[in-house]
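Summary of structural features
The residues making up each chain are set out below.
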Amino acid sequence: MAFRAEIFRKHGGFRTDLGRSAESMLGNEDTELGRRLLAGGERLWFEPLAIVYHGIPENRLTKSYFLGFWFNYGRAAVREHANRSNVWKIPRWCFSVPIIIFNVLPARLRLWLFARDPKRRFFFKCTVWRTFGEIFELPRIWLETKRRLKRRTSESSELRSSDVTLGE
C-alpha cells in the first residue's frame, strides 16, 4: 500500500481508533481509508505484478487466532460505520443489536452447526465470531460517544465559569 502525501493532506490519515496496538487486535484501518478515498472521488490502483513477501508467525496459523481475528473484524466493522445518527433520539445500536441477535446470529449459527464440510464449517464458525464481535462493540461505541460528549460539556462549562470569574 502506497499513497502520495497530498492524499493524506486532502482526506486525512488512518483512523487511530482502528488498527492494531499492543492491547487490541482491531484492524480495518487500511480498508476504511480506501473506502474513504473512493468516496472522495480518488482512484485506487491494484498492481497484480507486485511481489510482497510477508512473514507470518506460527501463532497466526491457529484456529484460535482466526477466531480472534474474526471477532475483532466484527468490532472494526461496527467502528467503521459508528457515526450514524440516532432514530427518534434512540441510539441506532438499540435497533441493531436485536436484529443481529434474533435474525443474523441464528442464521449464521445454523450454517455453522449444519455444515458438513470441515472447512466450510470453520468458515461459518468464524462468521459467528464476527457476529459476536459486532454485538460486543455496538454498545461500547455508544458508551464511548456518551462519555466524550459528557467530557466536552463539562469542559465547555468549566471554560464558561472561568470566563465569568475572570470578568468579575
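Above this note sits the structure.
Notes on the structure follow. Source: prediction; values computed, not measured.

A contiguous patch of positive charge on the surface is contributed by Arg147, Arg148, Arg151 and Arg152. Judged by relative accessible area, which is 48%, arginine 151 ranks as partly exposed.

Under the definition given, this model contains nine aromatic pairs. A ring pair is formed by phenylalanine 71 and phenylalanine 136, whose centres lie 5.6 Å apart and whose planes are at 50°; its orientation type is tilted. Within this pair, whereas phenylalanine 71 is found in helix H3 (residues 63-80), its partner phenylalanine 136 is found in helix H5 (residues 118-167), the two being separated by 65 residues in sequence. According to the relative accessible area criterion, phenylalanine 71 is partly exposed, its value standing at 23%.

Glancing now at the layout of surface pockets. Of the pockets and cavities examined, the largest pocket occupies roughly 720 Å³. For the largest pocket, the lining is made up of 27 residues, of which His81, Ala82, Asn83, Arg84 and Ile141 are closest to its centre. Elements supplying a minimum of two residues to the lining of the largest pocket: H3, helix H4 (93-114) and H5. The element that contributes the greatest number of residues to the lining of the largest pocket is H5, accounting for nine residues. Among the residues forming the lining of the largest pocket, the class breakdown is twelve nonpolar, six polar and nine charged. In this structure, the second largest pocket occupies an estimated 540 Å³ of space. Around the second largest pocket, the lining comprises 19 residues; the ones closest to its centre are Met1, Ala2, Phe3, Leu44 and Trp45.

Let's shift gears to the nonpolar core. Listed in full, the eleven residues of the largest apolar core are Val78, Val97, Ile100, Leu105, Trp112, Ala115, Phe124, Val128, Ile135, Leu138 and Ile141. Of all the secondary-structure elements, those providing two or more residues to this core are H4 and H5. With five residues, the single largest contributor to this core is H5. Aside from chain neighbours lying at most four places away, what touches tryptophan 112 is Arg121, Phe124, Lys125, Val128 and Trp129.

Applying the stated rule across the entire model yields nine salt bridges. One salt bridge in this structure joins glutamate 32 and arginine 36, with 2.8 Å as the shortest N-O distance. Of this pair, glutamate 32 and arginine 36 both sit in helix H2 (residues 29-39), separated by four residues, roughly a single helical turn. Residues joined in a network through salt bridges with shared partners are Arg15, Asp17, Arg75, Arg79, Glu137 and Arg140.

Thresholds applied
- Residues numbered from 1 in each chain as written.
- Predicted model: local features only at pLDDT ≥ 70, side-chain atom pairs only at ≥ 80, totals over all residues.
- Heavy atoms only, no water.
- Patch = residues over 30% accessible without salt bridge, like charges linked within 9 Å, V, L, I, M, F, W, Y side chains within 5 Å.
- Areas by Shrake-Rupley, 256 points an atom, 1.4 Å probe, with all protein chains shown as cover.
- Salt bridge = Lys/Arg side-chain N within 4 Å of Asp/Glu carboxyl O.
- Lys, Arg positive; Asp, Glu negative; His and termini not counted.
- Charge placed at Lys NZ, Arg CZ, Asp CG, Glu CD.
- Buried < 20%, exposed > 50% of the residue type's maximum accessible area, 1.4 Å probe, protein only.
- Phe/Tyr/Trp six-rings, centres within 6.5 Å; stacked < 30°, edge-to-face > 60°.
- Helix = DSSP H or I, 4+ residues; strand = E, 2+ residues; numbered from the N terminus.
- 1 Å grid on protein atoms, 1.4 Å probe; cavity = no way out; pocket = protein on both sides within 12 Å on 5 of 7 lines; lining within 4 Å.
- Points joined across faces, edges and corners; volume = space filled by probe spheres on them.
- Nonpolar A, V, L, I, M, F, W, Y, C, P; charged D, E, K, R; others polar.
- Core = buried A, V, L, I, M, F, W, Y, C linked by side-chain atoms within 4.5 Å.
- Contact = heavy atoms within 4.5 Å.

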